[in-house]
Each structure stands twice: as C-alpha cells, then as structure tokens.
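For reference, the chains in residue letters:
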Amino acid sequence: MKEVVIGFLGCGNIGCGVWELLQSFNKDIVHRDDVHITIKKMLVRDVNKQRNSPVPRELLTTEPDEVLSDPEITLVAEFMGGEQPATDYMLRALHAGKTVVTANKVALALNWHLLQAAAKENKAGLYYEASVCGAVPIIKTLTEALHANRISCVMGIINGTTNYILTEMMKRGCSYEEVLFDAQRLGLAEPNPSADVEGLDATYKLSIMASLAFHARIPVDKIYRNGITKVTKEDIAYADEMGYVIKLLAIAKRVGNTVEAHVYPTLIPREHMLAGVNGALNGVYIYGHACKEMMLIGRGAGDMPTASAVVSDILQAVTHTQHSYPTFQNTKEPSPEMSFDDDWETEYFIRLSAIDKPGVLSEIAGSFARNRVSIATLMQKGNATPGGRVALVLVTHKAHEMDLRSALRDLQSPDVSVDSMIRVEGRQPS
Ligand code: NAP
Ligand code: HSE
C-alpha cells in the first residue's frame, strides 16, 4: 500500500470539509486505491479558533515551514484563499518538489504561469479542480473528457451566491438589497459579498475555464465584467413577462482566433439549457465541434461539494505516475495568436423612463437608428400622469456593443433616462 503524507495550507470551511471527507472516506480509499493518506500539519492563522470540525489541535500550526519544509510531506493542499501569501507558499511547495492541490481561483487565475512553470520544472503536480465550480468536474471535463474537441463556447452560471440572489428575487419579487440581507443573515452570502456580487469571483473562474477550453491564456483583465448590484425587481418582472430569466452569466466564445469573454447579468429565454439552473447551483454549457452541446450542473460551493473535488484531485495526484499540464504556453500575457473582441454582437434589453409627451418616442428611435441599433420590440408599461414619466421597455435586434453604448449616451436628455441595460443571450450558440 502506498503511504502518502500531506499538509494543508488553511483549515477554514474547505479545509475542515476536506479533513472530514478524508476521515470518513479513508477506509474506501485504502480499499479501492491502495493508498493510505495521513494529514500531518495544517497551517492556520489562529490555532485557538473554533473550527467547524473536530480537527485535532496538535495538527494545527501557524508556522508555514512546518508544512512547506517537511520532507515527509509530499503533497500540499491549499485552501487559504486570496492571491498572497497563498501563491508564494504554493511556489515554495512546488520548488521543493511537492505536488500542490488548490481550491484557490484567485491565486491560480493571476499566477497560473508561475505555478505551472514551477510545477513542470520540479516534476511536481498542480491540480485545481475545486477552484472552478466546486464539485462540478469542469476542469477534468475540459482537459480530459473533451480533449478531442475544438471548443467554441463555454458559458455558465458559475457563482452560487449571485444565482441564489437572482433566483430569490424572481421567486419572491423582492429587491436585490432585501434578498442580499436575508442571504447574509442565513450565512449564504459572505458578510463582504463584493467579490461575488460584482462578478469578480466569476471572472477568475472564467479565466481558468476559457484558457483550458481554448488552449490559450485568457487573462482576467481581458474579461469584461459587470455584477448584479444594479439588477432591479422591475427588470426581473419585465424579463419574466417576455419569457426570459436573468442570470449572471460568464461567457467565453471563440471564432477562429478571436475570443470574446465577459461576465454580466444576462437575459436568457426560459427554454435555454441554463435557465433552469436555480438557487445556489452552478451550471456550465459547453459547445465542442464533435461533442456538440453539453451541460454540467451541480454544487459549486460549500465544504463537502468542494472537498469532493479536492479529494478527487489528491487521489489523482497520488495514483498517477506522471503529472500532466495544460498544453498551451502558459504565460502572464494573452497567447499572441489570440485577439480579443470588445465589440461583440448581442441583443439588448433596455428599460427607460421618459416624459410622456409628443416626440419622445421618435427621439428614442432616432438615437438608436443613428447608431445602427435596430429595435425588435418596444412596450410602454403603465400610464403616466400628464407631463409625468412612463416606463418603456425595449429589446433590440443583434447590435454591436460599441454602437449600443453610443446610442445610450445619445439618449441622455432631460426627457429620457436609461434605468437599465442588460444583454440578452438569445439562443444556444454553436
Ligand atoms: P476560510 O473559511 O476563510 O478559510 C481560510 C483558511 O486559511 C483559514 O483556516 C485561515 O486560518 C487560513 N489562512 C488564511 N490566511 C492565512 C495566512 N496568511 N496564514 C495562515 N493561515 C491563513 O475560506 P474557505 O471558505 O475555506 O475558502 C478557502 C479557499 O477555497 C478559497 O480560495 C476559496 O475561494 C476556495 N473555495 C471556497 C469555496 C466555498 O464554498 N467556501 C468553494 C470553492 C472554492 P484561520 O482559520 O486561523 O483564520
Ligand atoms: N463564493 C463562491 C460562490 C463560492 O458563491 O459560488 C466559491 O467559489
């Protein structure tokens, strides 16, 4: 039987989950994989802190060297979070020839090139299934199962917190602020939810997914981002009336060597494969030239779902004789053969309020027409008092992003204000 000694960097939600899963599953691992795993040390900030699991106190340390410099520890599992010191500790582990398993999308998305180079140079493994979508096996799907495909689209709901908030807003007809408050009270959203609600968490995950899907480095700063903080209950209600739901989508599409990548709230038709992914679930849609459409759905967060991915990585690392790495040149900069399209084409949902007086509609139509944006539907919602404001909701045909932005700038007049603009992902791409 193979004896493996591992160390943890971090023992919070995920570290405790991994500890528990390894305790409860160790017998199966011994029996199935002929491997016995011992956790020797766990780095934390405060050894006296109350933990979610009864982790033995003597395993905890505040001294990184007790994990990173112990020759008996051959695999380091990182769940500290954040770019630093996590990246430096992982680099130290890799330079010492230790394999690293990480759940940390921030450190990976920002410093993947350094981590991969250190891993290859030292013939160590670098595994990161848990960094994107928790239990959903998106990394192994892209790197192994779909390796025989040219993938042209990877698109998903990859942040559970925002999906929960948008689903509850839709179900309860509540505002963003009300649902966020409840989600924080129930411990479903972080006390500081900004990385989730501003779309940053999804951007890191999309950078990792898209790089693997397109075999090219898609850095975080090439991904256009908007969060969900400005989505209103009115937007959700009007979208529903028109047969759409609103989701925070992370979208990456490749045509030839041109990539568009963005994270933003999106209207999708109710019959879209991603529309039924509700609550805190994650869902990823992939289109490959041979496999065609594919969907993965599951739990993208939480201690046990994330531990499921981490322990699977640990087992893969210790049962394989050779580690493999992504095939593309993993550099800090985007792959040189790729260009990035910031003038993508899509449809747009726009909510305006306008003074109810003659000529306003032609003013609106004129701004769109001058900027080459064609309106597909326009609805007036409710009636204004004389001289008062009325809500107008319109959906455009496909238009260029820059044209649309220019039309909206043109529209700003005392008679008209733009209350919302949300992109529409009309149909399943191919
Ligand atoms: P967490 O509960 O805040 O745990 C972080 C752990 O790291 C704690 O044990 C903390 O020590 C330790 N730590 C942090 N900075 C440290 C430092 N400078 N020195 C020593 N120890 C340090 O976070 P988490 O929710 O477990 O998340 C961990 C990672 O998993 C993050 O990268 C996150 O993005 C990723 N992830 C999380 C989820 C999820 O559902 N939570 C899902 C997928 C991926 P103390 O305990 O002493 O404070
Ligand atoms: N905060 C993330 C989410 C989980 O809500 O999906 C960690 O990746």
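This text follows the structure it describes.
The structure displayed is predicted, hence computed values, not measured ones.

Reading the values: the criteria
- Residues numbered from 1 in each chain as written.
- Chains lettered and ligands numbered in written order.
- Predicted model: local features only at pLDDT ≥ 70, side-chain atom pairs only at ≥ 80, totals over all residues.
- Heavy atoms only, no water.
- Helix = DSSP H or I, 4+ residues; strand = E, 2+ residues; numbered from the N terminus.
- Rg over C-alpha atoms; globule rule 2.2 N^0.38 Å.
- Contact = heavy atoms within 4.5 Å.
- Areas by Shrake-Rupley, 256 points an atom, 1.4 Å probe, with all protein chains shown as cover.
- Lys, Arg positive; Asp, Glu negative; His and termini not counted.
- Charge placed at Lys NZ, Arg CZ, Asp CG, Glu CD.
- Salt bridge = Lys/Arg side-chain N within 4 Å of Asp/Glu carboxyl O.
- Buried < 20%, exposed > 50% of the residue type's maximum accessible area, 1.4 Å probe, protein only.
- Near = heavy atom within 4 Å.
- Polar contact = N/O pair within 3.5 Å; in protein donor to acceptor, adjacent residues only side chain to side chain.
- Nonpolar A, V, L, I, M, F, W, Y, C, P; charged D, E, K, R; others polar.
- Axes fitted to C-alpha atoms, helices over the stretch in contact; angles between N-to-C directions.
- Parallel < 35°, antiparallel > 145°, perpendicular 65-115°, else oblique.
- Pairing = 2+ DSSP bridges.

## Points about the overall build of the protein
Then comes step 1: When helices and strands are tallied, the protein shows 13 helices and 18 strands.
Then comes step 2: Here the C-alpha radius of gyration of the protein, 24 Å, is about what a compact globule of 430 residues would show, namely 22 Å.
Then comes step 3: On the principal axes, the C-alpha backbone points of the protein span a range of 80 × 45 × 35 Å.
Then comes step 4: Contacts in the protein between residues at least 24 apart in sequence constitute 74% of all its contacts with a sequence separation of at least 6.
Then comes step 5: Here the protein displays about 18500 Å² of accessible surface, and carbon together with sulfur accounts for 50% of that area.
Then comes step 6: Charge separation in the protein, taken as the distance between the mean sites of 43 positive and 51 negative side-chain charges, equals 1 Å.

## Regarding the pattern of salt bridges
Then comes step 1: Overall, the coordinates contain 23 salt bridges when judged by the stated rule.
Then comes step 2: Residue Arg-370 is joined to Asp-410 by a salt bridge in which the shortest nitrogen-to-oxygen separation is 3.3 Å. Taken as a pair, Arg-370 in helix α12 (residues 360-370) and Asp-410 in helix α13 (residues 401-411) lie far apart in primary sequence, 40 residues in all.
Then comes step 3: Assessed through its relative accessible area of 37%, Asp-410 is described here as partly exposed.
Then comes step 4: Its salt-bridge partner being Glu-401, residue Arg-405 comes within 2.8 Å of it at the nearest N-O pair. One end of the pair is Arg-405 and the other is Glu-401, both in helix α13 and four residues apart, which spans about a single turn.
Then comes step 5: In this structure Glu-401 comes out as buried when scored by relative accessible area, which is 0%.
Then comes step 6: Salt bridges sharing common partners tie together Glu-168, Lys-171, Arg-172, Asp-182 and Arg-185.

## Description of the site of ligand 1
Then comes step 1: What surrounds ligand 1 is a group of 22 residues, the closest being Cys-11, Asp-46, Lys-49, Arg-51 and Gly-302.
Then comes step 2: In this structure, an oxygen atom belonging to ligand 1 sits 2.9 Å away from a side-chain N or O atom of Lys-105.
Then comes step 3: A distance of 2.8 Å separates an oxygen atom of ligand 1 from a polar backbone atom of Gly-302.
Then comes step 4: In the complex, 80% of the free accessible area of ligand 1, which totals 900 Å², lies under the protein chains.
Then comes step 5: Among the residues making up the shell around ligand 1, the classes are represented as 10 nonpolar, seven polar and five charged.

## Points about the site of ligand 2
Then comes step 1: In the vicinity of ligand 2, the residues found are Lys-105, Asn-159, Gly-160, Thr-161, Asp-196, Asp-201, Lys-205 and Ala-301.
Then comes step 2: Asp-196 is positioned such that a nitrogen or oxygen atom in its side chain is 2.9 Å from a nitrogen atom of ligand 2.
Then comes step 3: A distance of 3.0 Å separates an oxygen atom of ligand 2 from a polar side-chain atom of Lys-205.
Then comes step 4: Protein coverage of the free-state accessible area of ligand 2, which is 260 Å², stands at 79%.
Then comes step 5: For the shell around ligand 2, the elements supplying multiple residues, two or more each, are α6 (160-172) and α9 (200-214).
Then comes step 6: Across the shell around ligand 2, the residue classes break down as one nonpolar, three polar and four charged.

## Describing the packing of α6 against helix α10 (residues 233-241)
Then comes step 1: Contact geometry of α6 with α10 gives a least axis separation of 9 Å together with a crossing angle of 70 degrees. As judged from the angle between their axes, α6 and α10 are roughly perpendicular. Every residue of α10 that contacts α6 at Leu-166, Met-169 and Met-170 is listed here: Lys-233, Ile-236 and Asp-240.
Then comes step 2: Of the residues assigned to the contact of α6 with α10, the class counts are four nonpolar, no polar and two charged.

## What about the pairing of strand β12 (residues 292-299)?
Then comes step 1: Relative to β12, strand β11 (residues 281-288) runs antiparallel, the two sharing eight bridges. Bridge pairing links Ile-286 to Met-294 in β12.
Then comes step 2: Hairpin connection, β11 to β12: the antiparallel pair is bridged by three residues.

## Focus on the side chain of Ser-131
Then comes step 1: Mapping Ser-131 onto the fold places it in the loop between β6 (126-127) and α5 (138-145).
Then comes step 2: Setting aside its immediate chain neighbours within four residues, Ser-131 contacts Thr-102, Ala-103, Asn-104, Lys-105, Leu-108, Lys-205 and Ile-208.

## Examining the sheet that holds strand β2 (residues 35-43)
Then comes step 1: The strand order β3-β2-β1-β4-β5-β6 describes an open sheet built from six strands, whose pairing is parallel. Strand pairing shows two members of the sheet lacking a second neighbour, β3 (60-61) and β6, which therefore form its edges.
Then comes step 2: The pairing of strand β1 (residues 2-9) with β2 spans eight bridges and is parallel. Looking at the pairing, Leu-9 lines up with Leu-43 of β2.
Then comes step 3: Where helix α1 (residues 13-33) meets the sheet, its contacts fall on β1 and β2, and the angle it forms with β2 comes to roughly 160 degrees.
Then comes step 4: Helix α3 (residues 86-95) rests against β1, β2, β4 (75-78) and β5 (99-102) of the sheet, and its axis sits at about 150 degrees to β5.

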